[in-house]
Amino acid sequence: MNITVRIWRQHDRAAAGRMVSYGVDGISPDMSFLEMLDVLNDQLTAVGDDPVAFDHDCREGICGMCSLVINGIAHGPEALTTTCQLYMRHFNDGDTIDVEPWRSQAFPILRDLVVDRSAMDRIIQAGGYISAPTGSAPDAAATLVPKKDADRAFDAAVCIGCGACIAACPNGSGMLFTGAKANHLGVLPQGQTERHERALAMVNQHDAEGFGGCTQIGECTAVCPVGIPLDMISFLNADVLSALPRKQD
Amino acid sequence: MSISQMRHAPRFASTLAKSHRMLACWLGRAYGWHMGTGQLRSVRSTAVRSSVMLHAAMAVTGLIMILFLLAHMYGNLKVFEGQQGFDGYAAYLREIGQPLLPHAGALWILRVILLASVLLHIFSAFVLWHRSRHATAGKGGWRYETTRNRRGVQRSYASFTMRWGGVVIGLFVIYHLLHLSVNAIAPGGASASPYQRMVNGFEIWWVVLSYVIALIALGFHLRHGIWSAFASLGANKSVAGRRFLNQLATIVALLILVGFLVPPLVIFAGWVS
Amino acid sequence: MEQLFTVGEPIQDAKAPAGPLQDQWEARRFGAKLINPANRRKLSVIMVGTGLAGASAAATLGEAGYHVKSFCYQDSPRRAHSIAAQGGINAAKNYRNDGDSIRRLFYDTVKGGDYRSRESNVYRLAEVSSSIIDQCVAQGVPFARDYGGLLDTRSFGGVQVSRTFYARGQTGQQLLLGAYQALERQVNAGTVEVNTRHEMLELIVINGKARGVVVRDLVSGTLETHLADAVVLATGGYSNVYYLSTNAMGCNTSATWRAHRKGALFANPCFTQIHPTCIPVSGEHQSKLTLMSESLRNDGRIWVPVKAGDTRAPGDIPAAERDYYLERQYPAFGNLVPRDVASRAAKNQCDSGHGVGPGGRGVYLDLADAIARLGRDAIEEKYGNLLDMYQKITDEDPYRVPMRIYPAVHYTMGGLWVDYDLESSIPGLFVIGEANYSDHGANRLGASALMQGLADGYFILPNTINDYLAKNPVAAADSSHPEAVKALDTVRGRLERFLSINGSRTVDSFHKELGAIVWEYCGMERNAEGLEHAVGLIRALKEEFWTDVKVTGVNEELNQTLERAGRVGDFFELAELMCIDALHRAESCGSHFRTESQTDDGEALRDDAEFAYVAAWEFTGEDSPPRLRKENLEYHNVELAQRSYK
């Protein structure tokens with residue numbers, strides 16, 4: 001396959017960026033999208049150009065490092081798929097593919113397709129945990145967890161923290177990410193004690209990072225590579241609303 | 001990072017961004033937008049200003065307005081009882097609660113609640129609008145260079161016209177109040193009888209058209225607004241719940257749309273005069 | 001051939017207390033000096049890496065009150081490659097009442113490691129395993145549960161009890177998120193400072209003690225020196241020396257190799273685990289291999305066509321013409337033999353022409369019987385995400401067509417040598433998790449890596465590092481210290497050298513070629529002739545690398561090519577040591593299969609008289625051969641036996 005990619009090139013945080021077109025030849029349908037970029041980078045290096053910087057690590061869809069908005073869709077056209085698990089067989093010979101970084105005011109572009117997502121870490125820092133210092137734990141079987149709660153927690157906990165929800169949201173909201181963590185910990189018996197304070201602290205940090213509010217459009221859940229459902233946000237909303245009238249736990 | 005650093009912004013967009021910044025200053029003072037200073041606040045007083053709370057406020061006020069709309073729609077349908085029935089109903093509205101309340105007292109209570117709801121709804125909308133513009137360098141869902149998939153993967157028309165739809169509805173409400181409530185403008189001729197004002201107005205094609213357009217905008221607004229109001233209040237608990245709320249929103253939006261469209265269309269068609 | 005190595009004085013672990021195994025850990029903890037909580041905040045610890053071991057250790061040390069400086073090359077601590085571990089985590093809970101115990105977990109691990117690990121360490125690992133599960137549940141790790149709300153377990157390769165706790169096929173992710181959240185909690189508390197997108201490029205040793213690191217800020221290129229009272233490396237394994245492995249693209253040996261060059265002994269580098277169930281290579285372009293959890297072997301049956309060169313679709317091959325070779329060769333363990341055995345069996349099938357798929361490098365892993373027995377939903381519940389991933393990569397539906405699998409490099413048992421306290425041969429340098437060599441001997445059992453990483457991080461290091469810190473007060477030093485300046489200059493010089501070569505070949509092309517050499521000669525089967533040949537090939541390629549590599553750009557920017565060049569440069573040196581280690585160990589054991597040393601039926605043949613030791617290698621200089629320091633292994637609690645899974 002021969003394709004053309006139009007890629008956002010930007011040298012650093014302060015520089016202006018622009019879309020640049022490159023032809024990439026000899027692409028196999030069995031290549032992943034990132035392997036296609038590897039081929040492009042080999043081409044660029046051969047002629048002494050700077051290769052395209054892009055984030056990637058595990059290349060098996062779990063670490064959440066890869067990003068890329070491909071033809072306007074975060075993680076590309078395939079549902080429930082990270083960019084690293086997107087294969088070139090989903091494109092056609094002769095296609096022109098637009099590749100851009102996650103765009104959000106809270107995600108400054110560091111170079112080309114690489115953005116700074118530390119805002120998401122700070123949301124976790126604000127309260128996305130259960131306070132269980134090492135050594136303090138009771139026996140694992142001491143508390144029964146109904147299977148439906150364990151499953152629900154798991155469905156929320158599979159969030160890979162990639163930020164696609166934010167990249168896709170017309171409001172630039174991070175509520176799906178925040179809601180998933182609040183849900184994961186909030187449905188487990190171990191997470192009840194801090195449940196309300198957690199919800200408030202995370203939402204406050206979410207707003208402080210400059211993410212927008214959620215208008216329930218659902219674009220986030222549609223691009224989410226692990227299918228975090230939209231009801232995570234409603235769960236968080238309910239926790240915040242019920243926390244406000246309470247005194248601090 | 002400024003907007004121009006994020007990407008080359010067309011001039012109109014930067015003008016838009018400038019006006020946003022001015023709006024931000026105003027809203028910032030009015031509503032404590034600047035979260036940097038919020039660190040001194042307690043967790044709760046910060047959370048009261050959170051997007052979650054603003055959306056909850058929009059949801060509650062929106063639902064109040066929907067209840068009003070349903071009652072209003074019911075009243076409109078009195079047009080089929082003729083002038084006496086309709087005007088009698090209008091007069092009755094002023095007598096509710098008498099003698100406990102003064103004449104038109106209940107109506108005024110209702111008006112105050114409605115006005116407060118409208119103001120809070122609009123105010124929250126502006127703050128949230130500002131925040132989402134800020135979060136997306138002023139361009140919302142159109143912040144990518146590519147022109148492909150501008151409508152995203154599954155965005156509905158209703159969901160991404162909420163804000164402009166709201167503006168259209170707001171302008172219409174002003175026009176509507178001037179026309180049928182305070183009787184300040186009177187296409188087709190003024191009258192002391194509400195029934196007469198209504199009939200006079202809706203015999204004119206452009207008045208009907210303006211109402212039809214506004215009601216369609218309202219329909220879209222409600223279609224997404226009702227579902228998202230419940231979701232904002234925490235009622236969307238599951239995939240099945242999401243489906244139910246969406247169906248409910250469609251039904252209520254259609255009900256209100258049809259209920260409001262019937263009287264003007266019937267008048268225009270000449271079946272009521 | 002010139003002499004490839006010299007032999008030096010033997011070494012011995014001096015920290016494990018004498019006495020019965022089950023009393024050692026308690027005795028050690030009691031013997032360790034403690035530090036008053038008020039004094040802990042004056043002490044700082046550098047933690048490199050934020051995987052299971054690094055994140056859990058940083059969080060725990062932070063909770064204890066130390067000041068921790070944590071570093072990772074990823075953009076968030078949550079992305080460390082522990083996240084990709086699928087199958088589960090072992091613990092001797094015996095919730096199933098199936099005869100499990102600390103002693104059995106200890107025994108299984110020593111046996112699984114083919115008797116090349118230290119008894120004291122392994123016993124301690126088994127001892128703390130239960131606390132790990134308690135800790136993780138308390139943090140909110142959503143382990144699989146049954147309908148009664150109790151924790152579910154499954155069985156894994158190489159054992160006959162069901163002691164593996166799991167969270168669908170994403171156990172590593174869930175455990176890492178637990179540790180990550182604990183870490184971020186400490187960031188919030190102000191005890192831990194996390195530096196993301198920072199890569200360690202040099203160790204700073206002052207007066208013989210590890211005192212700091214030189215890191216490169218991967219965004220700006222700025223070189224920074226950080227000093228502390230002790231340094232902990234939790235930087236994972238070096239499987240990426242093979243280029244194609246199941247590791248993340250960024251996994252590397254630089255931190256451990258730089259420490260090795262500064263005097264830390266590197267133990268058993270040739271013990272690299274080849275995982276039997278990975279998705280086969282599909283072409284030249286391939287950048288990494290993807291693991292299919294070993295847990296699939298619980299329900300999947302492995303087979304190849306009886307007839308060599310059979311090209312029929314799997315569905316067209318009748319049962320009688322299928323060879324379920326693991327069940328045939330190892331009736332007792334069947335499809336659940338340890339990884340090294342399963343991998344080599346697959347290789348043998350493919351070598352003899354029975355392989356399936358493109359190039360004949362693959363065997364079938366068939367879920368059809370399990371789907372017929374348990375139903376599709378049950379299989380989806382257990383393995384859904386794995387099977388989805390398989391389908392995405394191969395475009396084949398594993399619910400209908402048997403999966404094709406082939407072994408791939410997955411884990412490295414070798415690593416920096418550590419004593420019972422997890423301290424390396426450089427005082428003050430501790431090494432935890434996969435980065436050290438400690439607990440798995442010559443082969444790691446499934447679901448034991450997560451156990452070891454978290455055991456080291458949550459429970460072991462935080463109870464041993466205090467002894468070092470209490471006994472070794474050091475004078476404050478800052479980045480102007482001559483040793484720090486020297487280390488910084490070394491790093492700068494090396495980066496400048498990369499940028500000045502301006503050759504004609506990309507870093508990746510060298511890495512691929514190096515990987516192919518190591519895979520060919522130091523992969524699933526090794527022999528003396530091949531290994532000697534490989535050393536020559538590696539040296540020649542390294543020479544070419546340092547004269548012909550092309551690194552674009554400058555240091556003072558986000559430069560991913562420069563990052564990779566540094567990592568590949570270190571892989572060259574490690575690869576050579578791996579081959580020398582494999583060459584000197586003229587026995588087969590665990591993952592290390594020397595064709596010269598096998599039983600009549602082709603199983604690994606150990607030589608306990610000659611090789612019952614840990615080979616710890618000392619760096620003696622750029623152009624001088626490494627020195628072998630043996631740590632003899634003594635077994636008082638386990639009888640050395642030829643492993644048999646038949």
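Residues numbered from 1 in each chain as written. Chains lettered and ligands numbered in written order. Predicted model: local features only at pLDDT ≥ 70, side-chain atom pairs only at ≥ 80, totals over all residues. Heavy atoms only, no water.

*Asks:* Provide a residue-level description of the overall build of chain A, including the pertinent values.
*Replies:* Each helix and strand counted, chain A has eight helices and seven strands in total. In chain A, which comprises 249 residues, the share counted as buried stands at 72%. If you take every contact in chain A between residues at least 6 apart in sequence, the share linking residues at least 24 apart comes to 68%. One finds the centroid of the 18 positive side-chain charges in chain A at a distance of 6 Å from the centroid of its 31 negative side-chain charges. (Helix = DSSP H or I, 4+ residues; strand = E, 2+ residues; numbered from the N terminus. Buried < 20%, exposed > 50% of the residue type's maximum accessible area, 1.4 Å probe, protein only. Contact = heavy atoms within 4.5 Å. Lys, Arg positive; Asp, Glu negative; His and termini not counted. Charge placed at Lys NZ, Arg CZ, Asp CG, Glu CD.)

*Asks:* Please set out the overall build of chain B residue by residue, giving values where relevant.
*Replies:* Across its full length, chain B carries eleven helices and zero strands. In chain B, the succession of α and β elements from N to C terminus is α-α-α-α-α-α-α-α-α-α-α. Considering chain B as a whole, with its 273 residues, one finds that 46% of them fall into the buried category. Intrachain contacts of chain B at a sequence separation of at least 6 include 67% that bridge at least 24 residues. Looking at chain B as shown, the accessible area adds up to about 14,300 Å², and 71% of this sits on carbon and sulfur atoms. (Areas by Shrake-Rupley, 256 points an atom, 1.4 Å probe, with all protein chains shown as cover.)

*Asks:* Got a sec to walk through the nonpolar core? Specific residues and values, please.
*Replies:* Judged by nonpolar contacts, the single largest core of 198 residues is most densely connected at C:I89, C:F143, C:L203, C:L233, C:V241 and C:L429. Per element, the largest residue contribution to this core is 13 residues, and it comes from helix α17 (residues 560–584) of chain C. Sequence-distant contacts of C:I89, that is, excluding residues within four places in its chain, are made with C:I132, C:I133, C:F143, C:R163, C:T164, C:F165, C:T171, C:L175, C:A447, C:L450, C:M451 and C:L454. Membership of the second largest hydrophobic core comes to 118 residues, among which are A:C165, A:I228, B:I66 and C:L177. (Core = buried A, V, L, I, M, F, W, Y, C linked by side-chain atoms within 4.5 Å.)

*Asks:* Break down the pattern of salt bridges for me, citing the residues and quoting the values.
*Replies:* Residues and elements named next belong to chain C. Tallying each qualifying case throughout the model produces 78 salt bridges over all chains. Of the charged contacts in the structure, one is a salt bridge between E63 and R185, with a shortest N-O distance of 3.6 Å. Placement of the pair is E63 in helix α3 (residues 52–64) and R185 in helix α6 (residues 171–189), with a sequence separation of 122 residues. By relative accessible area, which is 25% here, E63 ends up partly exposed. Classification of R185 by relative accessible area gives buried; the value is 17%. In this structure, R116 and E587 form a salt bridge, with 2.9 Å as the shortest nitrogen-oxygen distance. Note that R116 is positioned in the loop between α4 (102–112) and α5 (119–139) and E587 in the loop between α17 and α18 (608–611), a separation of 471 residues in sequence. The same class applies to R116 and to E587, which are both buried. Through salt bridges with shared partners, a single network forms among K15, R28, D419, D421, E423, D467 and K471. (Salt bridge = Lys/Arg side-chain N within 4 Å of Asp/Glu carboxyl O.)

*Asks:* Now, about the interface of chain C and chain A: what can you tell me, with residues and values included?
*Replies:* In many reports, interface size means the accessible area that the parts give up when they come together. Across the boundary between the two partners, chain C contributes 72 residues, which contact 77 residues of chain A. Buried surface at the junction of chain C and chain A, summed over both partners, amounts to about 6,200 Å²; 51% is from carbon and sulfur atoms. Linking chain C to chain A there are eight salt bridges. On the surface where chain C and chain A come into contact, there are 43 residue pairs in polar contact (both at pLDDT 80 or more). Contributions of two or more residues to the side of chain C that touches chain A are made by α3, α5, α6, α12 (376–394), α13 (449–471) and α17 of chain C. (Buried area = accessible area lost by both parts, 1.4 Å probe. Polar contact = N/O pair within 3.5 Å; in protein donor to acceptor, adjacent residues only side chain to side chain.)

*Asks:* Could you give an account of unusual backbone geometry, naming the residues involved and the relevant values?
*Replies:* Each neighbour pair has its own omega, and for B:Q98 with B:P99 the value is 5°, a cis peptide bond. Structurally, B:P99 can be placed in the loop between α5 (82–95) and α6 (105–135). The phi dihedral of C:D395 falls on the positive side, at around 65°, and the residue is not glycine. With respect to the helices and strands, the residue C:D395 is situated in the loop between α12 and β17 (403–412).

*Asks:* Can you lay out the domain arrangement of chain A for me, pointing to particular residues and giving the numbers?
*Replies:* Residue and element names in this part refer to chain A. According to the domain assignment, chain A contains domain 1 (3–111) and domain 2 (118–243). When each unit is reduced to the centre of its C-alpha atoms, the spacing between domain 1 and domain 2 is 29 Å. The interface is formed by 17 residues belonging to domain 1 together with 17 residues belonging to domain 2. Taking both partners together, domain 1 and domain 2 bury about 1,100 Å²; carbon and sulfur atoms supply 68% of that area. Across the contact surface, domain 1 and domain 2 share zero salt bridges. For the pair domain 1 and domain 2, the number of links is one residue pair in polar contact (both at pLDDT 80 or more). (Domains from an automatic or database assignment.)

*Asks:* Explain the side chain of A:K147 to me, and be specific about the residues and the numbers.
*Replies:* Structurally, the position occupied by A:K147 is in helix α3 (residues 147–157). Judged by relative accessible area, A:K147 falls into the buried class, the value being 13%. Those residues in contact with A:K147 that sit more than four places away from it in its chain are C:R145, C:D146, C:Y147 and C:E381.

*Asks:* How would you sum up the sheet that holds strand β10 (residues 223–227) of chain C? Please name residues and give values.
*Replies:* All names here are of chain C. Taken in spatial order, the three strands of this open sheet run β8-β9-β10, and their pairing is antiparallel. Whereas interior strands pair on both sides, the edge strands pair on one side only; in this sheet they are β8 (198–206) and β10. Sheet twist, expressed as the average angle between the axes of neighbouring strands with direction ignored, equals 25°. Relative to strand β9 (residues 209–217), β8 is paired through eight bridges, and the arrangement is antiparallel. Among the inter-strand pairings, M200 is bridged to a residue of β9, identified as V215. (Pairing = 2+ DSSP bridges. Axes fitted to C-alpha atoms, helices over the stretch in contact; angles between N-to-C directions.)

*Asks:* Tell me about the environment of C:G536, residues and numbers included.
*Replies:* Residues and elements named next belong to chain C. Inspection of the secondary structure assignment puts G536 in helix α16 (residues 528–548). G536 gets classed as partly exposed once you look at its relative accessible area, which sits at 35%. Residues G536 and D601, 65 residues apart in the sequence, show an inter-C-alpha distance of 32 Å.

*Asks:* Describe the arrangement of the chains, with residues and values.
*Replies:* Looking at the two pairs of chains with contacts, the pair that accumulates the most is chains A and C. Separated in space, chain B and chain C share no contact, their closest pair of C-alpha atoms being 14 Å apart.

*Asks:* Give a description of the pairing of strand β2 (residues 17–24) of chain A that names residues and reports values.
*Replies:* All names here are of chain A. With eight bridges joining them, strand β1 (residues 3–10) and β2 adopt antiparallel strand pairing. Across the sheet, V5 pairs through a bridge with Y22, a residue of β2. Counted along the chain from β1 to the antiparallel partner β2, the turn is six residues long.

*Asks:* Summarise the pairing of β10(C); cite the residues concerned and give the values.
*Replies:* Counting buried positions along β10(C) gives four out of five residues, so the element sits mostly inside the fold. Linking β9(C) to β10(C), which pair antiparallel, is a turn of five residues; within it C:G221 sits at a positive phi near 80°.

*Asks:* Help me get a handle on the packing of aromatic side chains, residues and values and all.
*Replies:* Applying the stated criterion across every chain yields a total of 30 aromatic pairs over all chains. On the numbers, 4.8 Å between centres and 85° between planes, the contact of B:F172 with B:Y211 is edge-to-face. Of this pair, B:F172 sits in helix α8 (residues 162–181) while B:Y211 sits in helix α10 (residues 205–232), and the two are 39 residues apart along the sequence. Each of the two residues, B:F172 as well as B:Y211, counts as buried. Look at C:F545 and C:W546: their rings are 5.5 Å apart centre to centre, the planes differ by 85°, and that puts the pair in the edge-to-face class. Its relative accessible area of 0% is what places C:F545 among the buried residues. Stacked on the ring of C:Y324, the Lys or Arg C:R301 has its end atom at 3.8 Å from the ring centre. Here the guanidinium or amino end of C:R322 rests over the ring plane of C:W303, the centre of that ring lying 4.1 Å away. (Phe/Tyr/Trp six-rings, centres within 6.5 Å; stacked < 30°, edge-to-face > 60°. Lys NZ or Arg CZ within 6 Å of the ring centre and 35° of its normal.)

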